Amino acid sequence: MLWRGTTYGEPFLTGRSMIMAGDGTQKFVAYPIETGGRALINWIAERPLDGEAPDRGNWNRPADLAEIGRHFADWRFDWLDVPGVIAGAEAAYEYPMVDRDPLPRWTFDGVTLLGDAAHAMYPIGSNGASQAIIDARVLAHSLARGDLAAYEVLRRPATTALQLSNREMGPEVVMKLAHERAPGGFNDIEQVIPYAERAGIAAAYKRTAGFAPASLNERPSWNATR
Ligand SMILES: Cc1cc2nc3c(=O)[nH]c(=O)nc-3n(C[C@H](O)[C@H](O)[C@H](O)COP(=O)(O)OP(=O)(O)OC[C@H]3O[C@@H](n4cnc5c(N)ncnc54)[C@H](O)[C@@H]3O)c2cc1C
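About the thresholds
Residues numbered from 1 in each chain as written. Predicted model: local features only at pLDDT ≥ 70, side-chain atom pairs only at ≥ 80, totals over all residues. Heavy atoms only, no water. Helix = DSSP H or I, 4+ residues; strand = E, 2+ residues; numbered from the N terminus. Buried < 20%, exposed > 50% of the residue type's maximum accessible area, 1.4 Å probe, protein only. Areas by Shrake-Rupley, 256 points an atom, 1.4 Å probe, with all protein chains shown as cover. Contact = heavy atoms within 4.5 Å. Pairing = 2+ DSSP bridges. Near = heavy atom within 4 Å. Polar contact = N/O pair within 3.5 Å; in protein donor to acceptor, adjacent residues only side chain to side chain. UniProt positions renumbered as here; feature names shortened; annotations may be inferred. Domains from an automatic or database assignment. Buried area = accessible area lost by both parts, 1.4 Å probe. Salt bridge = Lys/Arg side-chain N within 4 Å of Asp/Glu carboxyl O. Nonpolar A, V, L, I, M, F, W, Y, C, P; charged D, E, K, R; others polar.

The subject of this paragraph is the overall build of the protein. Each helix and strand counted, the protein has nine helices and six strands in total. Judged by the C-alpha coordinates and their principal axes, the protein covers about 55 × 40 × 40 Å. For the protein, with 226 residues in total, the buried portion stands at 36%. Counting every atom, the protein has about 13000 Å² of accessible surface; 54% of that belongs to carbon and sulfur.

Right under this line is the structure:
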């Protein structure tokens, strides 16, 4: 389950920082969406639920702040009081963490799928809408060249890889690794996950997602004659 909310509070760290804290099971993400004076902090708290499966398609249920806060009661850092942020929320909602299995086919005659209809994925790596935008780029180019089939050939394997990667936490797997390798905590992250390994995980995910800056910056724009 993800719980998402917004809370007015004191700016933390640089005042423009985004933080992600957690391990392979439980996670808290926070970043300001309004700065200057008090910060409006957008936050996401995540953990598996015991017991009954939630109503999977329902993304409009108000969250029980006290219940979420209980799961994060001892997450008080020098720079952010997580239970305080949760308790002070203006509004918070429940978002079941659901995806779909990759589909074997998207295109049927002149009809094809795009976006979540084609590849609903776990909300990892800020990807759902981003991938729909990439779909639109490739689909427009394929249609302009009269080659609809090319769209699925390019996009379905790419989004399938991403759906599967997101089930393994995508780039956020570094939090799980740190927890597994140093369950009692650490002073120097280099001793736990060296920079090269962290950078390698981030770079691999960017390649899978099509976000690698070098390839985005260097590739030519498309037009219908290419
Ligand atoms: C809480 C949350 C946070 C997210 N954060 C991010 C993020 O940070 N970055 C990111 O990239 N993605 C994020 N996503 C995912 C992103 O929102 C989706 O991947 C994206 O909206 C998919 O776009 P879409 O157009 O394919 O589908 P949708 O946005 O679902 O659009 C489908 C539309 O079709 C309409 N519709 C359905 N049936 C019919 C019908 N029969 N007739 C007419 N209209 C119909 C629906 O009402 C809807 O408006 C997030 C999602 C959630 C829920």
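It is worth spelling out the side chain of Asn-166 at this point. Tracing the sequence through the fold places Asn-166 in helix α5 (residues 148-167). You can call Asn-166 buried: its relative accessible area is 1%. Asn-166 has contacts with Met-121, Tyr-122, Ile-124, Asn-127 and Tyr-205, leaving out every residue within four places of it along the chain.

The element strand β4 (residues 39-46) is largely enclosed, with a buried count of eight among its eight residues. Judged by which residues are buried, β4 turns out to be covered on both faces: Ala-39, Ile-41, Trp-43 and Ala-45 on one side and Leu-40, Asn-42, Ile-44 and Glu-46 on the other are all buried. By the bridge criterion, seven bridges tie strand β3 (residues 27-34) to β4 in an arrangement that is antiparallel. Residue pairing in the sheet places Pro-32 in a bridge with Ile-41 of β4. Count of turn residues in the β3/β4 antiparallel hairpin: four residues, of which Gly-36 carries a positive phi of about 95°.

With that out of the way, let us pick up the site of the ligand. The environment of the ligand is formed by Arg-4, Trp-59, Tyr-95, Gly-115, Asp-116, Ser-126, Asn-127, Gly-128, Ala-129 and Ser-130. Asp-116 places a polar side-chain atom, nitrogen or oxygen, 2.7 Å from an oxygen atom of the ligand. Interatomic distance of 3.0 Å between a backbone N/O atom of Ser-130 and an oxygen atom of the ligand. Across the complex, the protein chains shield 37% of the 1000 Å² of accessible surface that the ligand would expose by itself.

This next bit is on the sheet that holds β4. Strand order in the open sheet formed by six strands is β2-β3-β4-β1-β6-β5, with antiparallel pairing between adjacent strands. Each of the sheet's edge strands pairs with one partner strand only, and the pair in question is β2 (19-22) and β5 (61-62). Across two bridges, the pairing between β5 and strand β6 (residues 91-95) is antiparallel. Note that in β6 the partner of Pro-62 across the bridge is Tyr-93.

Bringing the UniProt feature "domain: FAD-binding" (unreviewed entry) in the protein into the picture now. In the numbering used here, UniProt assigns the feature "domain: FAD-binding" (unreviewed entry) to residues 105-144. Structurally, residues 105-144 comprises 52% helix and 0% strand, and the distance from its first C-alpha atom to its last is 21 Å.

Moving on, we get to the domain arrangement of the protein. Domain annotation of the protein identifies domain 1 (2-95) and domain 2 (116-218). Facing eight residues of domain 1, the contacting portion of domain 2 comprises six residues. Summed over both sides, the interface of domain 1 with domain 2 buries roughly 590 Å², with 67% coming from carbon and sulfur. Between the two partners, domain 1 and domain 2, sit one salt bridge. With a closest N to O distance of 2.3 Å, Glu-172 and Lys-27 form a salt bridge. For the pair domain 1 and domain 2, the number of links is one residue pair in polar contact (both at pLDDT 80 or more). At the level of secondary structure, the elements contributing two or more residues to the side of domain 1 that touches domain 2 comprise β1 (2-9) and β2. Looking at which element gives the most residues to the side of domain 1 that touches domain 2, the answer is β2, with three residues. Looking at the side of domain 1 that touches domain 2, its residues break down into three nonpolar, two polar and three charged.

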